[in-house]
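Understanding the architecture of this molecule
So you can see what is in the structure, the chains are spelled out below.
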Amino acid sequence: MFDWMAWTTPVAVFFTCIALMLIGMTVWEIKCPTVERKGFLPISTTRGDRLFIGLLSAAYVNLIWVGLGEKMAQWFSLEAEPSVWISFVLSMLVLVLVLRKG
């Protein structure tokens, strides 16, 4: 069923984190309903809005990293492409930034 996808450890960790975030946000929303607020994003957002925007941003960070991996290896004279764990950490930092300050 999932043969079409390359299930590596980083991919599994990434999707597990997303699932845990969705569960956590659901419980948080039930216990403490959200209020719209304005951060650095150009619109007023709820926690769910910021989670969605943060997840999209995290996905783009990972896609850009994978797309530029070969180029980065050339630019920095690396023997191999940089690890996707670096993009995972960067994408989680972007997600936290959007959730906290967005």
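Scroll up to find the structure.
So, here is what we can say about the structure in this document. (Residues numbered from 1 in each chain as written. Predicted model: local features only at pLDDT ≥ 70, side-chain atom pairs only at ≥ 80, totals over all residues. Heavy atoms only, no water.)

Let's talk about the environment of T9
- Mapped onto the fold, T9 is located in helix α1 (residues 9-31).
- Residue classification places T9 among the exposed residues on the basis of a relative accessible area of 53%.
- Distance from T9 to W85, taken between C-alpha atoms, is 9.6 Å for residues 76 residues apart in sequence. (Helix = DSSP H or I, 4+ residues; strand = E, 2+ residues; numbered from the N terminus. Buried < 20%, exposed > 50% of the residue type's maximum accessible area, 1.4 Å probe, protein only.)

Overview of the packing of aromatic side chains
- A full pass over the atoms with the stated rule returns one aromatic pair.
- Arranged with centres 5.8 Å apart and planes meeting at 85 degrees, the rings of W85 and F88 form a pair that is edge-to-face. Here W85 pairs with F88, and both are found in helix α3 (residues 84-101), just three residues apart, close to one helical turn.
- Among the residues examined, W85 registers a relative accessible area of 37% and is labelled partly exposed.
- Classification of F88 by relative accessible area gives buried; the value is 14%.
- Of note, R47 hangs over the ring of W28, and the distance from its end group to the ring centre comes to 4.0 Å. (Phe/Tyr/Trp six-rings, centres within 6.5 Å; stacked < 30°, edge-to-face > 60°. Lys NZ or Arg CZ within 6 Å of the ring centre and 35° of its normal.)

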